[in-house]
Amino acid sequence: VAVAGQIARDFHARAGCSDDREIGNFQVRGCALAAAGEQGERADGASQRDQNGSSHPDTIAVVPACFNFFCPLDGPNTTLSSFLVGLMSGIGPARSYTFPTDCASKSLQSPPSSAGWLQPGAVDRPPMAAAKATNNPNEKGRGSMAQQGRAPSGDPIRMVDGKLQVPDRPVLPFIEGDGTGPDIWRAACRVLDAAVEKAYGGKRRIAWYEVLAGEKAFNQVGTWLPDETVEAFKNYLVGIKGPLTTPVGGGIRSLNVALRQMLDLYVCLRPVRYFPGVPSPVRHPENLDVVIFRENTEDIYAGIEWEAESPEARKVIEFLQTEMGVKKIRFPATSGIGIKPISREGTERLVRAAIKYALRYGRRCVVLTHKGNIMKFTEGAFRDWGYALAKREFRDQIVTERESWILGNKEANAAITVEENARAIDPGYDFMTPAQQAQVREEVEAGLKLWPTHGDGKWKKKLLVRDTIADITLQQVLTRAREFDVVATMNLNGDYLSDALAAQVGGIGIAPGGNINYDSGHAIFEATHGTAPKYANLDKVNPGSVILSGEMMFRYMGWNEAADLIIKGMERTIASKTVTYDFHRLMEGATLVRCSEFGDAIIKHM
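Basis of the calculations
Residues numbered from 1 in each chain as written. Predicted model: local features only at pLDDT ≥ 70, side-chain atom pairs only at ≥ 80, totals over all residues. Heavy atoms only, no water. Pairing = 2+ DSSP bridges. Helix = DSSP H or I, 4+ residues; strand = E, 2+ residues; numbered from the N terminus. Axes fitted to C-alpha atoms, helices over the stretch in contact; angles between N-to-C directions. Buried < 20%, exposed > 50% of the residue type's maximum accessible area, 1.4 Å probe, protein only. Phe/Tyr/Trp six-rings, centres within 6.5 Å; stacked < 30°, edge-to-face > 60°. Lys NZ or Arg CZ within 6 Å of the ring centre and 35° of its normal. Contact = heavy atoms within 4.5 Å. Arc of directions from axis to C-beta.

**Q** Explain the sheet that holds strand 23 (residues 523-527) to me, using residue names and the numbers behind them.
**A** Reading across the sheet, the eleven strands line up as 12-11-13-23-22-14-15-21-18-20-19 and stay open at both edges, with mixed pairing between neighbours. Strand pairing shows two members of the sheet lacking a second neighbour, strand 12 (207-210) and strand 19 (398-400), which therefore form its edges. Sheet twist, expressed as the average angle between the axes of neighbouring strands with direction ignored, equals 25°. Pairing analysis gives four bridges linking strand 15 (residues 289-295) to strand 21 (residues 486-489), with the strands arranged parallel. In the strand pairing of strand 21, isoleucine 292 is matched with valine 487.

Here it is in structure tokens:
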């Protein structure tokens, strides 16, 4: 009945409709439509008005109007949720309603006597412009999607004394995503809920809280990233999102980058591992098991840049030339200018997080990946600051690669001199200046001082910290995959490296990701692929990226039992060759399933 009143008022106010109209597959007969919206009353006696000044109820007691629905041709029990959200965005609480099999043509002259005629659906969606939230706690599978400003029943995750405190019913904000986002989220959410139920038998449960971003937000509230969405992630600390469209146009930044920067999610965590059976372009994808710590807030992704030939670009170039003596801008008149900030603080917190992760999970080494041989004061500084942090804060737990050489040389030859050791670790020693040679000898002497804690082979049980040049890294992850474990790198390098590694194990369709601030506890886990709009609403694409991002989220929350079940279900499903189209076209003897069916298979194989 509420649907009738809201649609009636909306048609009257916006469309001036007094005749039959077709909306999608539905035909709405609009006689005396104004009466429904104007005469309906809210249960609490209050009223609210839309932008046209028309009052509209949250609950309509009586609808004295002729209002006919005709069922669509493609079958009964059709849910109107997407239709209603689009029609009434910004008007009031939009709910989903399901029509029974016998609805051929029914007229609502009064509230229906049969409860089966117009049933509220299980999902509340957030128009965000309405003041009062709607929430249905009985939803199973997709979770309860509360309106902006009011979350479902549950408790927020907190950070206490540097440790995440997760209640048994945490409120987790989620962004459904654009394009294929709704398809993959429906499948992923069922998998996540099933893992929690199976792992904890009802003791723990997620209170899902939908918030808006991307096209859905723009269509409903006129902005790509509402303030309420950012506040929800701030307040509840941990959440998850599907792929988002990056609006095209000057001055509009990536929504993903914006969320990372606004919440200071300085780590982009990208684990890359192989699931047996996944088609791969390399001969031994099982050799790759890497976790990438990509710095998320600095580098050229900070967005400090000016368009070529703009007044701002000319001003910056003039300053560089006149005040700083820069003469290396080849074509200054037509150059765009960008700034690449790399800080000591940003480097240290990233490397600290990477080392702590490696120690916690028993990883073998942390690799600092950079292009410091060319960009000495940014990427070179990243390397130097990273090593300094490792030695200062984790001295008894780590050994650098060059220290391992120094100690190994001493173990192999107890009589080796400092200068001989210097020549061994640096083949160009004899061609160095005296000052450079002195630096290498000092390095050897410092390494030998570690003998009590690291000598006699003890260093072999320590976490190895080493560095690699970015371009050769992209080659060596193919030719020497086993030599890489945890990688800490800057924003641009990490972007390239993450997708290159994902290609070796099946592509970004199953590559998970998380954006984390290990100091504040804030984290948003996300699909790493794009929106693929041409596949939207086809129930076709692989939901693996969001599902495995949810697995990462559970592990971050300390719900390891649920995370293990997801991995188990994913491994067994792929091993059984039950896959979506992206894998099916590359696998012999595989069974092709839809996005939703892939989720069902994972649940079955838990």
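**Q** Just give me the short version of the side chain of threonine 580, but keep the residues and values in it.
**A** When you line up the elements, threonine 580 lands in the loop between strand 24 (578-579) and helix 19 (581-584). What makes threonine 580 buried here is its relative accessible area of 0%.

**Q** Tell me about the side chain of threonine 400, and please be specific about residues and values.
**A** Within the secondary structure, threonine 400 sits in strand 19. Classification of threonine 400 as buried rests on a relative accessible area of 4%.

**Q** Could you give me a rundown of the packing of aromatic side chains, with the residues and numbers involved?
**A** What the rule picks out here adds up to 13 aromatic pairs. Judged by centre distance (6.3 Å) and plane angle (75°), the ring pair of tyrosine 518 and tyrosine 556 falls under edge-to-face. In this pair, tyrosine 518 sits in the loop between strand 22 (512-516) and strand 23 while tyrosine 556 sits in helix 17 (residues 544-557), placing the two residues 38 residues apart along the sequence. Residue tyrosine 518 is classed as partly exposed on the basis of its relative accessible area of 27%. Feature note: the residues Phe293, Tyr357, Tyr361, Tyr518, Phe525 and Tyr556 constitute an aromatic cluster, connected by ring pairs. Over the ring of tyrosine 200 we find arginine 204, and its NZ or CZ is 4.6 Å from the ring centre. The ring centre of tyrosine 581 lies 4.8 Å from the NZ or CZ of lysine 540, which sits over that ring.

**Q** Describe the environment of asparagine 491, and please don't skip the residues or the numbers.
**A** Mapped onto the fold, asparagine 491 is located in helix 16 (residues 491-504). For asparagine 491, the residues in contact, after removing those within four places along its chain, are Arg294, Glu295, Asn296, Thr297, Glu298, Asp299 and Tyr301.

**Q** Tell me about helix 6 (residues 227-236), and name the residues and values.
**A** For helix 6, the complete set of buried residues consists of Thr229, Val230, Ala232, Phe233 and Tyr236. Seen end-on, helix 6 carries its buried residues on one side only, within an arc spanning 155°. Leucine 237 sits one or two positions beyond helix 6 and adopts a positive phi of about 70°.

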